[in-house]
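Here's the letter readout for the chains.
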Amino acid sequence: MSHNKKLNTLLKLVRNTKSASDNAVSTKMVAQLRALRGPIRYEDNGKLGLGLLLLLAGGYGHLLGSERAYPVGSDGSSDTVIFIYNALVAIAVGLLLFWFFRRRKATKFVQEVFEAAALASYSFSDEPPPKLKGLDKDFREFNRGNHSRKIMYYRSAPNYGDQLPQAYSLFRFHWVVREEKQVTDTDHNGYSTTTTETSYYHYDRYGVMLEGGFSGIQITSDAPNGKYKLKYRPASVEFNRYYNIRCVEEIQAAKLLKPSVVIALENAGAQLKKPNLEYGLNGQMCLTWANDPLSVRTAMRSKDNPNELADIIEAGAKLPVLEDALKLVVEIQRHTKSNFSALEVDSAQASIQGVK
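Fair warning: this is a prediction, and the values are worked out from it, not measured in the lab.

A. View of the sheet that holds strand 9 (residues 284–289). Strand order across the open sheet formed by nine strands is 1-2-3-4-9-8-5-7-6, with antiparallel pairing between neighbours. Every interior strand has two partners, whereas the edge strands, strand 1 (125–126) and strand 6 (230–231), have only one. Across the sheet, helix 10 (residues 320–335) touches strand 3 (168–186), strand 4 (192–211), strand 8 (276–279) and strand 9, and the angle it forms with strand 9 is around 145 degrees.

B. Region of the structure containing the nonpolar core. Ranked by internal contacts, the top residues of the largest apolar core, which has 69 residues, are Tyr 168, Ile 219, Leu 257 and Leu 265. Once you skip the residues sitting within four places of it in the chain, Leu 257 turns out to touch Ile 219, Tyr 232, Phe 239, Ile 245, Val 262 and Leu 265. Counting residues in each nonpolar core, the second largest holds 12 residues, with Leu 132, Leu 135, Phe 139 and Met 209 among its members.

C. How the structure looks around helix 8 (residues 259–271). Of all the positions in helix 8, only Val 261, Val 262, Ala 264, Leu 265 and Ala 268 are classed as buried. Along the axis of helix 8, the buried residues cluster in a sector spanning 160 degrees; they form a single face. Of the exposed residues in helix 8, the ones pointing more than 90 degrees away from its buried face are Pro 259 and Ala 270.

D. Representation of the packing of helix 8 against helix 10 in the model. Closest axis-to-axis distance for the helix 8/helix 10 pair is 10 Å, and the angle between their directions is 175 degrees. By the angle between their directions, the pair helix 8 and helix 10 is classed as roughly antiparallel. Here helix 8 contributes Ser 260, Val 261, Ala 264, Leu 265, Ala 268 and Gln 271 to the contact with helix 10, which in turn contributes Asp 324, Leu 328, Glu 331, Ile 332 and His 335. Tallied by class, the residues present in the contact of helix 8 with helix 10 amount to six nonpolar, three polar and two charged.

E. Up close: the pairing of strand 7 (residues 244–247). Only one face of strand 7 is covered, namely the face carrying Ile 245 and Cys 247; the face carrying Asn 244 and Arg 246 is uncovered. One ladder, built from four bridges, connects strand 5 (residues 217–220) with strand 7; its direction is antiparallel. Of the residues in strand 7, the one forming a bridge with Gln 218 is Arg 246. Two elements, strand 6 and strand 7, share two bridges in a ladder whose sense is antiparallel. Bridging from a neighbouring strand, Leu 230 pairs with Cys 247 of strand 7.

F. How the structure looks around the side chain of Arg 155. Examined against the element boundaries, Arg 155 turns out to sit in strand 2 (residues 148–157). Given a relative accessible area of 12%, Arg 155 falls into the buried group. Here the side chain of Arg 155 touches Asp 126 through a polar contact of 3.0 Å, side chain to side chain. If sequence neighbours within four positions are ignored, Arg 155 has contacts with Glu 115, Leu 119, Phe 124, Ser 125, Asp 126, Tyr 168, Ser 169, Leu 170 and Leu 294.

G. Broad picture of unusual backbone geometry. Although it is not a glycine, Lys 274 adopts a positive phi angle of roughly 50 degrees. Residue position: Lys 274 is located in the loop between helix 8 and strand 8. Lys 274 sits in the partly exposed class, given a relative accessible area of 39%. Even without being a glycine, Ala 317 presents a positive backbone phi close to 50 degrees. You can see Ala 317 is positioned in the loop between helix 9 (306–314) and helix 10.

H. Structural context of the pattern of salt bridges. For the coordinates displayed, the defined rule picks out 14 salt bridges. For Arg 155, the salt bridge is made with Asp 126, and the minimal N-O distance between the two is 3.0 Å. Placement of Arg 155 in strand 2 and of Asp 126 in strand 1 is noted, with a sequence separation of 29 residues between them. Given the relative accessible area of 61%, Asp 126 is considered exposed. With a shortest N-O distance of 2.6 Å, Glu 238 and Arg 241 are connected by a salt bridge. Of this pair, Glu 238 and Arg 241 both sit in helix 6 (residues 237–242), separated by three residues, roughly a single helical turn. Residues joined in a network through salt bridges with shared partners are Glu 141, Arg 144, Arg 205 and Asp 222.

I. Region of interest: the pairing of strand 4. In this structure, strand 3 lies alongside strand 4, joined through 18 bridges in antiparallel fashion. The residue bridging Glu 180 from the neighbouring strand is Thr 198, located in strand 4. What sits between strand 3 and strand 4 in their antiparallel hairpin is a turn of five residues, with Gly 190 showing a positive phi close to 90 degrees. As defined by bridge partners, strand 4 adjoins strand 9 across six bridges and the pair is classed as antiparallel. Residue Met 209 lies in a different strand from strand 9, and its bridge partner there is Cys 286.

The rules behind the values
- Residues numbered from 1 in each chain as written.
- Predicted model: local features only at pLDDT ≥ 70, side-chain atom pairs only at ≥ 80, totals over all residues.
- Heavy atoms only, no water.
- Pairing = 2+ DSSP bridges.
- Helix = DSSP H or I, 4+ residues; strand = E, 2+ residues; numbered from the N terminus.
- Contact = heavy atoms within 4.5 Å.
- Axes fitted to C-alpha atoms, helices over the stretch in contact; angles between N-to-C directions.
- Core = buried A, V, L, I, M, F, W, Y, C linked by side-chain atoms within 4.5 Å.
- Buried < 20%, exposed > 50% of the residue type's maximum accessible area, 1.4 Å probe, protein only.
- Arc of directions from axis to C-beta.
- Parallel < 35°, antiparallel > 145°, perpendicular 65-115°, else oblique.
- Nonpolar A, V, L, I, M, F, W, Y, C, P; charged D, E, K, R; others polar.
- Polar contact = N/O pair within 3.5 Å; in protein donor to acceptor, adjacent residues only side chain to side chain.
- Salt bridge = Lys/Arg side-chain N within 4 Å of Asp/Glu carboxyl O.

Next comes the structure, spelled out in structure tokens:
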């Protein structure tokens with residue numbers, strides 16, 4: 001089987017499998033990656049070379065024809081020759097576009113393979129996202145954009161091993177900022193016309209959401225204006241340089257921001273881009289950041305080495321950015337264990353009352 005056919009077979013395996021939770025599927029994926037015996041890209045160098053050659057021939061013919069007059073064809077005109085040059089250029093462009101889109105297809109394919117394996121590794125399952133109208137009341141993070149806002153995915157996992165035995169959700173929040181500006185143009189007669197130019201800017205934030213042990217606290221390095229009136233500042237100068245804190249009660253912020261938690265949040269800025277930590281009034285914890293946790297580039301050094309990708313999948317397809325985020329959550333909960341214990345007791349009592 002040719003390299004390109006092997007690549008297409010692997011591509012079909014990934015796209016026909018919604019997740020690689022079945023070990024047999026993951027094992028087959030790894031076996032096919034190792035069987036490629038070449039980079040994860042199509043062998044289209046022949047088409048690339050032919051396209052460049054035809055483009056050179058057609059372009060050179062047009063260049064000479066425009067300078068020295070086109071040669072006359074068998075019909076006594078130059079139309080046939082011009083048609084041939086145009087055909088060469090058109091075929092060349094088609095071959096180059098074919099090569100370009102196949103290269104892009106292979107690049108996306110690497111991402112698909114990695115993402116499928118990673119989602120299975122963490123036992124993620126797609127869930128209906130919560131409504132934004134409810135989220136932006138509890139978390140300032142979702143109060144962004146003036147044109148459109150949307151949660152692109154919302155995936156839940158049962159736990160993070162023994163370190164975090166409770167369920168959590170991973171999400172991607174996308175918003176669009178619409179900006180208008182007046183542009184004035186003056187023609188050669190001195191008449192001016194003013195038009196409105198509209199630009200749209202797209203942004204993404206990623207995060208995890210789970211039950212928390214505090215409420216009404218915002219710790220933000222990049223966010224809209226604070227939701228709560230009170231400000232709080234711990235003793236760390238470095239922390240205060242990076243984060244702003246708003247809260248409902250200062251005593252809650254003081255209980256959360258123990259020296260060990262302050263240090264953990266200071267260190268988080270090195271791995272997570274522009275992190276924000278919020279505890280909503282609904283009792284949930286929301287940690288967000290700007291770098292994509294599902295990007296294969298966070299785990300894979302090369303662009304198209306199948307053996308490296310196979311090794312990553314065999315090792316569990318870990319997500320370095322998500323790992324850093326979850327470790328921060330674990331660290332915060334470890335140092336504020338009494339608050340979470342109280343939360344668990346309250347939840348248990350509420351369950352008992354519900355049964356009665």
